[in-house]
Amino acid sequence: MKQHLDPARTTWHITFGTYGTRLHGDIRPTVDRNHNKPGQPFIHHDPGRAKDERDKMNGDPIHLTAPQRAVIETIIPEICKRGGWTYRICAAPDEADHVHILLDAERSIDPDRIMMWLKRWLGEALTNRWSKPLSGTWWAKGGSTPPVKDQQYLNNAYHYIRRQRTLPQSE
């Protein structure tokens, strides 16, 4: 399905992880405040840093179950409506450690605030069905909120997210 940009709104590709599943220094590259600009190197494998991060955790890492991933994909459209954003697609992939959302919002809205509300409302919904995690949160700090600037990025992001869905996407 080909997607089209809305010239009156900004389309955001929002991604955030679950608590404790992607620590700085583990085997997957990450970014932090000092490694977060285009062209800067990622933080690579550093077992000492990963151990320090694990030692600071208040609970176990959160790996979403298949029912939790299905609930996330089911309720995100309603959460987008609640926030005043236009839902396009979302995925809570089999890796069980992150969520992708593609949505449109008024240009004046800060994407970090959108991500904050998405995490809050998703966390509340998950906690209403399952007990609150020992860490007190379902989600890692931060996330990614790049704007979708062109048609090619929009179509690539849409199909990338669609392939990762736990539930089929209705067209």
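Computed from a predicted structure; not experimentally measured. (Residues numbered from 1 in each chain as written. Predicted model: local features only at pLDDT ≥ 70, side-chain atom pairs only at ≥ 80, totals over all residues. Heavy atoms only, no water.)

Novice: Can you tell me about the overall build of the protein, naming the residues and giving the values?
Specialist: When its secondary structure is counted, the protein shows four helices and three strands. When the helices and strands of the protein are placed in sequence order, the string is β-α-α-β-β-α-α. Put simply, the protein has 171 residues, and 45% of those count as buried. When contacts within the protein are restricted to residue pairs at least 6 apart in sequence, those whose partners lie at least 24 apart make up 71%. For the protein, the exposed area adds up to about 9,800 Å²; of that, 52% sits on carbon and sulfur atoms. (Helix = DSSP H or I, 4+ residues; strand = E, 2+ residues; numbered from the N terminus. Buried < 20%, exposed > 50% of the residue type's maximum accessible area, 1.4 Å probe, protein only. Contact = heavy atoms within 4.5 Å. Areas by Shrake-Rupley, 256 points an atom, 1.4 Å probe, with all protein chains shown as cover.)

Novice: Help me get a handle on unusual backbone geometry, residues and values and all.
Specialist: Residue Ala96 is not a glycine yet carries a positive backbone phi of 65°. Tracing the sequence through the fold places Ala96 in the loop between strand S2 (86-91) and strand S3 (98-106).

Novice: Tell me about the side chain of Thr11, and please be specific about residues and values.
Specialist: As for its position among the elements, Thr11 is in strand S1 (residues 9-17). Residue classification places Thr11 among the buried positions, given a relative accessible area of 2%. One polar contact links Thr11 to Asp104, side chain to side chain, over a distance of 2.5 Å. (Polar contact = N/O pair within 3.5 Å; in protein donor to acceptor, adjacent residues only side chain to side chain.)

Novice: Residue-level account of the sheet that holds S3, with values.
Specialist: Taken in spatial order, the three strands line up as S1-S3-S2 in an open sheet, and their pairing is antiparallel. Looking along the sheet, the strands with just one partner apiece sit at the ends: S1 and S2. Looking at each pair of strands side by side, their axes are set apart by 15° on average, direction ignored. Pairing analysis gives five bridges linking S2 to S3, with the strands arranged antiparallel. Paired with Tyr87 across the two strands is Leu103, which belongs to S3. (Pairing = 2+ DSSP bridges. Axes fitted to C-alpha atoms, helices over the stretch in contact; angles between N-to-C directions.)

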